[in-house]
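Close look at the chain arrangement
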Amino acid sequence: MSGAALVEAQDVAQRFGDRTIFEHVRFSVLAGEIFVILGGSGCGKSTLMRQMIGLLPPTSGRVMVLGHDMRAPDADVLTRIGVMFQGGALFGNKTLLENVMLPLEMHTGLPREARATLAAVKLGLVGLADAANLQPAEISGGMAKRCAIARALALDPPLLFLDEPAAGLDPITSAGLDKLILDLRAQLGISFVVVSHELTSILTIGDRCIMLDRAARGIIATGNPRELRDKSTDPRVRAFFRRSAPVND
Ligand SMILES: Nc1ncnc2c1ncn2[C@@H]1O[C@H](COP(=O)(O)OP(=O)(O)OP(=O)(O)O)[C@@H](O)[C@H]1O
Ligand SMILES: [Mg+2]
């Protein structure tokens, strides 16, 4: 349903001990959007993603995903979101095909042959049809990211969470991954929440973004990334988009 919020962060905070990582975090992700969470290292991007996918209950507030409260996610919502963790996290002792088959094994009663067929389709979608029988150690970093996306797509989720998909990739491979994300949205109508601090990628794929800041312990900017780059007067936002040293005033 276009226009409906797929994700709603409602006044979310995360503390570890007496340390506040962020608080008062509020945003919505709409159907069809590529929503980017950006900010420097350690500002809490992965932590916020873990809250959104039900791995970490927020210290206060709540995150709703597809109408479910992710403080106590049920199996239904967990099969309707796809996740790519920071670093990809493929199983090294399994082929790419077997990696993509895993969610089907865990969440469906399909026979092995059907699982293999579906997994092969997903590998085809990300351009890895010919690499199905290779193991993670035999492929490049860009291929590993694609395979992790194929695995996240295994159960045909309407919403994908990607943590730093472009990290560690050369600019050309990274651009290929951006194109894949845009193609998946255009062809399958998938919405994305993407954690990133790769400027080119953010400007290429992001419809809207929030910027987290470690010192501010929360969101310091919300909007379209290209507009923020061109129009924000906040020195921290300008520093991020123009990659200059922050202004001290
Ligand atoms: N389980 C935990 N216990 C204590 N501190 C934690 C825990 N998880 C994360 N942190 C701290 O929270 C802060 C934010 O971490 P997080 O991994 O979310 O940052 P990030 O924005 O994803 O950084 P990066 O860009 O380097 O991936 C860090 O200082 C981290 O050490
Ligand atoms: Mg992170």
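Residues numbered from 1 in each chain as written. Chains lettered and ligands numbered in written order. Predicted model: local features only at pLDDT ≥ 70, side-chain atom pairs only at ≥ 80, totals over all residues. Heavy atoms only, no water.

Let's talk about the nonpolar core
By size, the foremost hydrophobic cluster in this structure holds 33 residues, and its most contacted members are Leu-123, Ile-149, Leu-160, Leu-162 and Phe-192. Counting only elements with at least two residues in this core, the list comes to α3 (96-107), α4 (112-125), α5 (141-152), β7 (159-163), α6 (171-188) and β8 (191-195). Shared between two domains, this core takes at least three residues from each, and those domains are domain 1 (1-74 + 159-168 + 187-249) and domain 2 (81-156). In this structure Leu-162 touches Met-49, Met-84, Ile-149, Ile-181, Phe-192, Val-193, Val-194 and Val-195, once residues within four positions along its chain are discounted. One finds Ala-9, Ile-81, Val-195 and Ile-210 within the second-largest nonpolar core, a separate group that totals 28 residues. (Core = buried A, V, L, I, M, F, W, Y, C linked by side-chain atoms within 4.5 Å. Buried < 20%, exposed > 50% of the residue type's maximum accessible area, 1.4 Å probe, protein only. Helix = DSSP H or I, 4+ residues; strand = E, 2+ residues; numbered from the N terminus. Domains from an automatic or database assignment. Contact = heavy atoms within 4.5 Å.)

Some words on the sheet that holds strand β6 (residues 81-84)
One open sheet accounts for 6 strands, arranged β6-β7-β8-β3-β9-β10; its pairing is mixed. Of all the strands in the sheet, the pair left with one neighbour each is β6 and β10 (218-223). With strand direction ignored, the average angle separating the axes of adjacent strands in the sheet is 15 degrees. Where helix α1 (residues 45-52) meets the sheet, it contacts β3 (34-38), β6, β7, β8 and β9 (208-213), and its direction lies at approximately 155 degrees from that of β7. Sitting on the sheet, helix α9 (residues 235-242) is in contact with β3, β9 and β10, with an inclination near 110 degrees to β9. (Pairing = 2+ DSSP bridges. Axes fitted to C-alpha atoms, helices over the stretch in contact; angles between N-to-C directions.)

Comments concerning α9
Here α9 has its buried residues at Val-237, Ala-239, Phe-240 and Phe-241. Those residues of α9 that are buried are in contact with β3, α7 (199-205), β9, β10 and α8 (225-231). Backbone geometry just downstream of α9 places Arg-243 in the positive-phi region, at approximately 55 degrees.

Remarks on the site of ligand 1
The full set close to ligand 1 counts 15 residues, and Arg-19, Ser-41, Gly-42, Lys-45 and Thr-47 are the nearest of them. Taking Gly-42, its main chain carries an N or O atom lying 2.9 Å from an oxygen atom of ligand 1. A distance of 2.6 Å separates an oxygen atom of ligand 1 from a polar side-chain atom of Thr-47. Those elements that place two or more of their residues in the shell around ligand 1 are β2 (19-30) and α1. Examining the composition of the shell around ligand 1, we find that 4 residues originate from one element, α1, more than from any other. Looking at the shell around ligand 1, its residues break down into 3 nonpolar, 8 polar and 4 charged. (Near = heavy atom within 4 Å. Polar contact = N/O pair within 3.5 Å; in protein donor to acceptor, adjacent residues only side chain to side chain. Nonpolar A, V, L, I, M, F, W, Y, C, P; charged D, E, K, R; others polar.)

What to know about the sheet that holds strand β4 (residues 60-65)
Spatial ordering of the open sheet is given by β2-β1-β4-β5, a layout of 4 strands whose pairing is antiparallel. On the outer flanks of this sheet lie β2 and β5 (68-69), each paired with one strand and no other. Pairing of β4 with β5, which is carried by 2 bridges, proceeds in the antiparallel orientation. From the neighbouring strand, Met-64 faces β5, where its bridge partner is Asp-69.

Some words on the layout of surface pockets
The volume enclosed by the largest pocket comes to roughly 510 Å³. For the largest pocket, the lining is made up of 19 residues, of which Ile-81, Val-83, Phe-85, Pro-103 and His-107 are closest to its centre. The set of elements that each furnish at least two residues to the lining of the largest pocket consists of α2 (75-79), β6, α3 and α5. Within the lining of the largest pocket, the residues separate by chemical class into 15 nonpolar, 3 polar and 1 charged. (1 Å grid on protein atoms, 1.4 Å probe; cavity = no way out; pocket = protein on both sides within 12 Å on 5 of 7 lines; lining within 4 Å. Points joined across faces, edges and corners; volume = space filled by probe spheres on them.)

So, the pairing of β9
With 5 of its 6 residues buried, β9 lies for the most part within the structure. With 4 bridges joining them, β3 and β9 adopt parallel strand pairing. Across the sheet, the residue bridging to Val-36 is Cys-209, located in β9. One ladder, built from 5 bridges, connects β9 with β10; its direction is antiparallel. By the bridge assignment, Ile-210 is partnered in β10 with Thr-222. Between the end of β9 and the start of β10, which pair antiparallel, lie 4 residues, with Arg-217 showing a positive phi angle near 55 degrees.

Some details on the domain arrangement of the protein chain
Partitioning the protein chain into domains gives domain 1 (1-74 + 159-168 + 187-249) and domain 2 (81-156). One C-alpha centre belongs to domain 1, the other to domain 2; they are set 26 Å apart. Listed per partner, the contact involves 18 residues of domain 1 and 11 residues of domain 2. Summed over both partners, the interface of domain 1 with domain 2 buries about 1100 Å², with 68% contributed by carbon and sulfur atoms. Among the residues domain 1 hides against domain 2, the three largest losses belong to Leu-160, Phe-161 and Asp-163. Together they make up 31% of the total. Seen at the junction of domain 1 and domain 2, the total is 0 salt bridges. Here domain 1 is connected to domain 2 by 6 residue pairs in polar contact (both at pLDDT 80 or more). Within the residue set of the side of domain 1 that touches domain 2, elements represented by two or more residues are α1 and β7. The element that contributes the greatest number of residues to the side of domain 1 that touches domain 2 is β7, accounting for 5 residues. (Buried area = accessible area lost by both parts, 1.4 Å probe. Salt bridge = Lys/Arg side-chain N within 4 Å of Asp/Glu carboxyl O.)

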